[in-house]
Structure formats: structure tokens, C-alpha cells
Amino acid sequence: AGTYIGLSAVLVLVAFALWAIGWTLKVGRLFRAVKQAEGAIDLALTKRFKVLADLDGIVTLRIGAPAGRFASAVKWQNGVPPQAHVQDKAVFSADIDAYANILVELTKADASRFEDHAFADLTQAFEITGEQLGSARRLYNATVAALNQTISMFPGMIVANAKRLEKQPFFEIDGAGKESDPLI
């Protein structure tokens, strides 16, 4: 009878160890998925900024430099810094859209100078990058929601505390749920 109790205890310990390993792997997978989704946001923001810079170049060449040129341009000209926080990226996204609105207003005022394929192609590219950013934002937020839910409940909470993981912020842009693309 003593060997059965000892064997049962070993089986319980093995089952517990496998359960703990499973939860550790699950939390780790979710955390890596959040980082991958954040990388998709970085890529979409970088593409969107490059298209905006091209739009700005065309507008500047055709009608002159807009007042208050894109203040974040120098800061972000090489793409999204890897160490930038998600909230900084959301602010940058809002800056891009605000400056795009300025460019749109300028082109409406002198529409005859912007009736060509080059400008139309860039505005279409800007719309596409907006859709890509929206998709990346939705993926990121869904992944963050899954991670945050997992690490806020037992046993994920224990794993998160052991790995010193914290809840991740959502990528929120004012008006993100609306059709707010300035070039549409």
C-alpha cells in the first residue's frame, strides 16, 4: 500500500509539473504574439509615414510647403523606434492622420494641380496603409486582450508574476472605430 501512495504522489507531482509547464508555455506564446502584433503595427506605421512623406513632397513641390510641416517627421523619419511605447505609436498615428488632413485641405483648394496618376496612386497607397494599420491594430488589441485576461486569472497570474509580466496597453487611436481616413 505504501508504494501505491508513493507512486500516486509522484503521478500527482508529475501532473502538476506538466500543468505548470503548459500554463508557462501558454503565457509565453501569448506574450510573443503581442510582440509580433506590435511589430505589424510598427511596419504599418512606417509604410504609412513613408507614403505621407511622398504626399508631402508632391504638395510642397506643387504649391509650396504647408504651414506647420509635420513636426514628428525628424523624430520618426527612420521608421518607428523599436523602444517606442504603444501609446507613443498611437500618438504618432494620430499625428500622421492630422497632417494628412492638412494636405487634403491644401489639395482641395487647388485641385487642378493634383489631377494626375502620381497623386492618385499615393492617395490610394495612403488608404491601403490605413487599412493595414487598422488590421494590425485589431490583431494587436485582440492579442493583448487574450494575454491580459490570461494573466489576470489563476493560474496565469502566478506565471505572470514569476516571469514579471504585466498587463499590456491597448493600441487606441481617437476615432479608430470610425471611417476616419482623411483621404477617403
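Further up the page is the structure itself.
Described below are features of the structure shown in this document. (Residues numbered from 1 in each chain as written. Predicted model: local features only at pLDDT ≥ 70, side-chain atom pairs only at ≥ 80, totals over all residues. Heavy atoms only, no water.)

Looking now at the overall build of the chain. Of the regular secondary structure elements, the chain holds five helices and zero strands. Here the contacts in the chain between residues at least 6 apart in sequence split such that 85% fall between residues at least 24 apart. By element, 61% of the accessible surface of the chain is carried by carbon and sulfur atoms, the whole surface being about 11000 Å². (Helix = DSSP H or I, 4+ residues; strand = E, 2+ residues; numbered from the N terminus. Contact = heavy atoms within 4.5 Å. Areas by Shrake-Rupley, 256 points an atom, 1.4 Å probe, with all protein chains shown as cover.)

On the surface, Lys 26, Arg 29, Arg 32 and Lys 163 cluster together into a patch of positive charge. A total of three residues in the positive patch trace back to one element, the largest contributor, which is helix α1 (residues 2-63). Relative to the helices and strands, Arg 29 is located in helix α1. By relative accessible area, Arg 29 is classed as partly exposed at 49%. (Patch = residues over 30% accessible without salt bridge, like charges linked within 9 Å, V, L, I, M, F, W, Y side chains within 5 Å. Salt bridge = Lys/Arg side-chain N within 4 Å of Asp/Glu carboxyl O. Lys, Arg positive; Asp, Glu negative; His and termini not counted. Charge placed at Lys NZ, Arg CZ, Asp CG, Glu CD. Buried < 20%, exposed > 50% of the residue type's maximum accessible area, 1.4 Å probe, protein only.)

Residues spaced three or four apart along an α-helix face the same direction, because each turn holds 3.6 residues. Here helix α3 (residues 86-109) spans 35 Å end to end across 24 residues, near enough to the 34 Å set by a 1.5 Å rise per residue. Within the sequence span of α3, burial applies to Val 86, Lys 89, Ala 90, Phe 92, Ser 93, Ile 96, Asp 97, Tyr 99, Ala 100, Leu 103, Val 104 and Thr 107. (Expected span 1.5 Å × (residues − 1).)

In terms of backbone geometry, most residues other than glycine have negative phi values and most peptide bonds are trans. Cis rather than trans, the peptide bond between Phe 154 and Pro 155 has omega equal to 5°. Looking at where Pro 155 falls in the secondary structure, it is placed in the loop between α4 (117-151) and α5 (156-163). One non-glycine residue, Arg 164, adopts positive backbone phi at about 60°.

Right, let's talk about the packing of aromatic side chains for a bit. For the coordinates displayed, the defined rule picks out four aromatic pairs. Judged by centre distance (5.6 Å) and plane angle (40°), the ring pair of Phe 16 and Trp 19 falls under tilted. With a gap of three residues between them, Phe 16 and Trp 19 both fall in helix α1, about one helical turn apart. The interplanar angle of 40° and the centroid separation of 6.0 Å between the aromatic rings of Trp 19 and Phe 154 together place this pair among those described as tilted. Linking Trp 19 in helix α1 with Phe 154 in the loop between α4 and α5, this pair joins segments that are 135 residues apart in sequence. For Phe 154, a relative accessible area of 59% puts it in the exposed group. Linked through ring pairs, Phe 16, Trp 19 and Phe 154 together constitute an aromatic cluster. In this arrangement the basic side chain of Arg 48 is found over the ring face of Phe 126, its NZ or CZ atom lying 3.7 Å from the centre. (Phe/Tyr/Trp six-rings, centres within 6.5 Å; stacked < 30°, edge-to-face > 60°. Lys NZ or Arg CZ within 6 Å of the ring centre and 35° of its normal.)

The next thing to look at is the pattern of salt bridges. Using the criterion set out here, one finds seven salt bridges in the structure. Salt-bridge contacts for Asp 97 lead to Arg 48; the nearest nitrogen and oxygen are separated by 2.7 Å. Residue Asp 97 is located in helix α3, and its partner Arg 48 is located in helix α1; the two are separated by 49 residues in the primary sequence. Comparing Asp 97 with Arg 48 shows no difference in burial state: the two are buried. Here the salt bridges share partners, and the residues they tie into one network are Lys 35, Glu 38, Asp 42 and Lys 89.

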